[in-house]
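Each chain is listed here by its residues.
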Amino acid sequence: MNIDKNTKASEIMAKYPWLLDELVKVSDKFQFAKTPIGSMMLKNATIADISKKVGINEGDLIKKLTDFIKSHNGK
């Protein structure tokens with residue numbers, strides 16, 4: 001999966017449901033996504049939206065996501 005700033009969080013979470021647990025380890029600000037309101041917000045949120053919400057640079061967030069995916073897949 002190619003992840004960029006316009007990728008929807010719902011697409012990523014559908015393919016990698018374990019990823020949110022990894023992100024919470026990076027920043028507790030990702031805990032909002034585990035709430036009912038947070039999960040509703042994620043349905044339409046992009047990587048750019050999330051990076052603004054949690055205060056992480058888009059590029060850094062994309063790198064963290066891809067690194068987690070690669071390490072989980074053993075690549």
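Quick caveat: nothing in here was measured; it's all calculated off a predicted structure.

Novice: Hey, could you run me through the packing of aromatic side chains in this one?
Specialist: Here the distance between the centres and the angle between the planes together describe a pair of aromatic rings. For the structure on display, the rule yields one aromatic pair. Seen from their ring centres, Tyr16 and Trp18 are 6.0 Å apart, and the 70° between their planes marks the pair as edge-to-face. A residue is classified by how much of its surface remains accessible, and Tyr16, at 8% relative accessible area, is buried. Over the ring of Phe32 we find Lys53; its NZ or CZ atom is 5.6 Å from the centre of that ring.

Novice: Looking at this structure, how should I read the pattern of salt bridges?
Specialist: Two side chains of opposite charge can pair, provided their charged atoms sit close to one another. Applying the stated criterion to the full structure yields three salt bridges. Residues Asp21 and Lys34 are paired through a salt bridge, measuring 2.6 Å at the closest nitrogen-oxygen approach. Taken together, the residues span a long stretch of sequence, with Asp21 in helix H2 (residues 19–26) and Lys34 in the loop between H2 and helix H3 (36–42) at a distance of 13 residues. Judged by relative accessible area, Asp21 falls into the partly exposed class, the value being 40%. Among the salt bridges present, the one from Lys63 reaches Asp67, with a minimum N-O distance of 2.8 Å. Linking Lys63 with Asp67, this pair stays in helix H5 (residues 58–73), spanning four residues, or about one helical turn. Using a relative accessible area of 35% as the deciding quantity, one classes Asp67 as partly exposed.

Calculation criteria
- Residues numbered from 1 in each chain as written.
- Predicted model: local features only at pLDDT ≥ 70, side-chain atom pairs only at ≥ 80, totals over all residues.
- Heavy atoms only, no water.
- Phe/Tyr/Trp six-rings, centres within 6.5 Å; stacked < 30°, edge-to-face > 60°.
- Buried < 20%, exposed > 50% of the residue type's maximum accessible area, 1.4 Å probe, protein only.
- Lys NZ or Arg CZ within 6 Å of the ring centre and 35° of its normal.
- Salt bridge = Lys/Arg side-chain N within 4 Å of Asp/Glu carboxyl O.
- Helix = DSSP H or I, 4+ residues; strand = E, 2+ residues; numbered from the N terminus.

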